[in-house]
Amino acid sequence: MLAAAVLSTLFPTKSPCFAEAGSCCRRARVNFFFFARDCASALCTMPLLHAQYTPEHRRASRDGNPALMRRYVNVGLKYRYTMKSRVFITDWDETATVKDTTGLIAGVASRTDCAAPPFSHFSKIYSDSYSSYIASTRNGCGKRDTINAEETFQRGMRAVEYLSIHALEDSGYFQGFHISKFYDLATKIELQPGFISFMKQAACPVYILSVNWCKGLIETVLRLHGIHDVTVLANDLQTDKEGVTTGRFDHSFDIRTGYDKAVELEKIRSLYTGLKIFYFGDSSGDVLPILKADYGGIIHGGRGRPIPENLSETYMLCGENAEFDATRVFEASWPQLEAAWTGA
C-alpha cells in the first residue's frame, strides 16, 4: 500500500510521465509478440524430435522410476529436421535385409572339387572362438553395461573375426570364381519392408556401413531397385585383372567389428561438420555406432536390443517434457522410420 501511494504521488494517472510509461509498455508487448512469433517460426526448422510420452512415462520421469525411465522410444516420433541437416547411416544384414546374406555368399563358393573344407568348418571356427571370448569377458571386462565396456568388448572381437577370416583365406575357399557370380545373388536377397521406400525418400547423404563380405553385391542390389546415390562401405573379395577371385579379401577396406564401424562413423562425421548423424542397425555389432551417433535406432526385433538396455545412463528420460534429444535411441520398422523422417 505504501509503495502504491508513493507511485501515485510521483506519477499521477493523468501525468505525461505515466502516459509515456503506458505507451512504452504497449510497445514492449507488441515487440514481444513479434519476437515470440519469430522464435516459434525458427523453432519449426530446428532439429527436434518429439516423442509421444504417456502419463506413465511422465510420472516415471518425475518420480525417478528407473524401470520405466530406461526404455526405447517407439517411433511415434515426429522429426522436424530440414532435409540438409542430417546424415543417415544404416547396417545391411538383417537391418536392410530380412536374413543374413553370409550364407548366400558362401554358397556360391561351395564345391567338392578341391581340398577346401565345407563352409560349416569355418562357421564352427567362428562360433567356438566367439564362445571362448564371451566366457573370457565374463571374467574380464564383465557386463557390457557402460559405453567404455562395450568399446572394450568390440575391440576384442577383431581377433575373433580374424580367426575365421584367416582360415578362409588360407584354405582358398573363395578362390577361382568370377565376381559376377556373387553379384548374381542380388535377385535372391529379400529386403526389409519399407527399406527401398525410405532410401528413395531420405533426401540426405546416405551410407551403408557393413561387415558384409561383398560390397559389390550390396551395390548391385541397390541398383536393381533403382537406388544409385548411396555410398556403400563394406568389405569385398579381392579379384585379379580378369575379375576372378584370388581367395583373399581386399584389405584396402577392412571393417570387422562394431568398434570398426564406430571409427568409420567418426570419419563420416568429419565430412559433414554441423550435421546430425543417424545410425540404424540390428545386432550387437551395431550397438557402439548407435551410441556414438547423435541419434541411433534398432530395427524392431533386432538381436542387439538387450545390450543397450543395460546402458541406463544413455536411455534416461529426464523431466516432465522430455524430448528425443534426451533419449537419443529409438526402435522402429522402416515404414515407421520413414513416417517420422519425412514428418508424415
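Residues numbered from 1 in each chain as written. Predicted model: local features only at pLDDT ≥ 70, side-chain atom pairs only at ≥ 80, totals over all residues. Heavy atoms only, no water.

### Regarding the overall build of the chain
- When helices and strands are tallied, the chain shows 14 helices and 12 strands.
- Buried residues in the chain amount to 44% of all 344 residues.
- Of the roughly 17400 Å² that the chain leaves accessible, carbon and sulfur atoms contribute 57%. (Helix = DSSP H or I, 4+ residues; strand = E, 2+ residues; numbered from the N terminus. Buried < 20%, exposed > 50% of the residue type's maximum accessible area, 1.4 Å probe, protein only. Areas by Shrake-Rupley, 256 points an atom, 1.4 Å probe, with all protein chains shown as cover.)

### Here we look at the nonpolar core
- Formed by 52 residues in total, the largest nonpolar core has its most connected members in F88, F174 and F195.
- Beyond its immediate chain neighbours, meaning those up to four positions away, F88 contacts F198, M199, C204, P205, V206, Y207, F278, F280, W334, L337 and W341.
- Judged by nonpolar contacts, the second largest core, of 15 residues, contains L209, I268, I277 and Y279. (Core = buried A, V, L, I, M, F, W, Y, C linked by side-chain atoms within 4.5 Å. Contact = heavy atoms within 4.5 Å.)

### Looking at unusual backbone geometry
- Although it is not a glycine, E94 sits at a positive phi angle of roughly 65 degrees.
- Along the chain, E94 turns up in the loop between β4 (86-90) and α5 (102-108).
- The phi dihedral of A203 is positive, around 55 degrees, even though this residue is not glycine.

### So, the side chain of T137
- Looking at the element boundaries, T137 is found in helix α6 (residues 119-138).
- Here I134 takes part through its backbone oxygen, which lies 2.7 Å from a polar atom of the side chain of T137. (Polar contact = N/O pair within 3.5 Å; in protein donor to acceptor, adjacent residues only side chain to side chain.)

### Section: the sheet that holds strand β9 (residues 244-249)
- Read across the sheet, 3 strands follow the order β5-β9-β8 without closing on themselves; strand pairing throughout is antiparallel. The open sheet has two edge strands with one neighbour each: β5 (175-178) and β8 (237-239). Adjacent strand axes in the sheet meet at a mean angle of 50 degrees, parallel and antiparallel pairs treated alike.
- Pairing between β8 and β9: 2 bridges, direction antiparallel. Opposite L237, over in β9, you have F249 as the bridge partner. (Pairing = 2+ DSSP bridges. Axes fitted to C-alpha atoms, helices over the stretch in contact; angles between N-to-C directions.)

### Regarding helix α7 (residues 147-171)
- The first and last C-alpha atoms of α7 sit 37 Å apart over 25 residues, in line with the 36 Å expected at 1.5 Å per residue.
- At Y162, α7 shows its largest kink, close to 25 degrees.
- In the segment just after α7, G172 is the residue with positive phi, at about 70 degrees. (Expected span 1.5 Å × (residues − 1). Bend = angle between axes of the 7 residues up to and from the residue.)

### Things to note about the packing of α7 against helix α12 (residues 284-292)
- Across the interface, α7 lies against α12 with an axial gap of 10 Å and an inter-helix angle of 135 degrees. Considered as vectors, α7 and α12 are oriented oblique to each other. For α7 against α12, the interelement crossing comes out left-handed. Where α7 approaches α12, its residues I147, E150, E151 and Q154 are matched on the opposing element by S284, G285, V287, L288, L291 and K292.
- Looking at the contact of α7 with α12, its residues break down into 4 nonpolar, 3 polar and 3 charged. (Parallel < 35°, antiparallel > 145°, perpendicular 65-115°, else oblique. Left-handed = near helix turned anticlockwise from the far one by under 90°. Nonpolar A, V, L, I, M, F, W, Y, C, P; charged D, E, K, R; others polar.)

### So, the pairing of strand β10 (residues 276-281)
- When you tally the buried positions in β10, you get 5 out of 6 residues, the bulk of the element.
- Taken together, the 5 bridges between β4 and β10 define a ladder with parallel strand orientation. Across the sheet, F88 pairs through a bridge with F278, a residue of β10.
- Pairing of β10 with strand β11 (residues 295-299) involves 4 bridges; the strand directions are parallel. Looking at β11, one finds that Y279 is bridged to G296.

### A closer look at the side chain of D260
- Looking at where D260 falls in the secondary structure, it is placed in helix α11 (residues 258-271).
- Residue class for D260 comes out buried when judged on its relative accessible area of 12%.
- Those residues in contact with D260 that sit more than four places away from it in its chain are R158, D254 and I255.

### A look at the pairing of strand β6 (residues 206-209)
- Here β6 shows no split at all, with V206 and I208 on one side and Y207 and L209 on the other all buried.
- Following the chain from β6 across helix α10 (residues 215-224) to the adjacent parallel strand β7 (residues 230-233), one finds a crossover that is right-handed. (Right-handed = clockwise from strand over helix to strand, strands pointing away.)

### Remarks on the packing of α11 against α12
- Viewed as axis vectors pointing N to C, α11 and α12 meet at an angle of 30 degrees, and their least axial separation amounts to 7 Å. Classified by the angle between their axes, α11 and α12 sit roughly parallel to one another. Judged by the twist between their axes, the crossing of α11 over α12 is right-handed. Taking contact as the criterion, the partners of G258, Y259, K261, A262, L265, E266 and R269 in α11 are, on α12, G285, D286, L288, P289 and K292.
- Taken together, the residues of the contact of α11 with α12 break down into 5 nonpolar, 2 polar and 5 charged.

### Focus on the confidence of the model for the chain
- In the predicted model, the chain carries a mean pLDDT of 76, and the fraction of residues at 70 or more is 67%.
- Counting contacts from residues 1-83, a segment whose pLDDT is below 50, to residues more than four positions away or on other chains yields 100 contacts.
- Between residues 312-326, whose pLDDT stays under 50, and residues either more than four places distant or in other chains, the model counts 43 contacts. (pLDDT = per-residue confidence, 0-100.)

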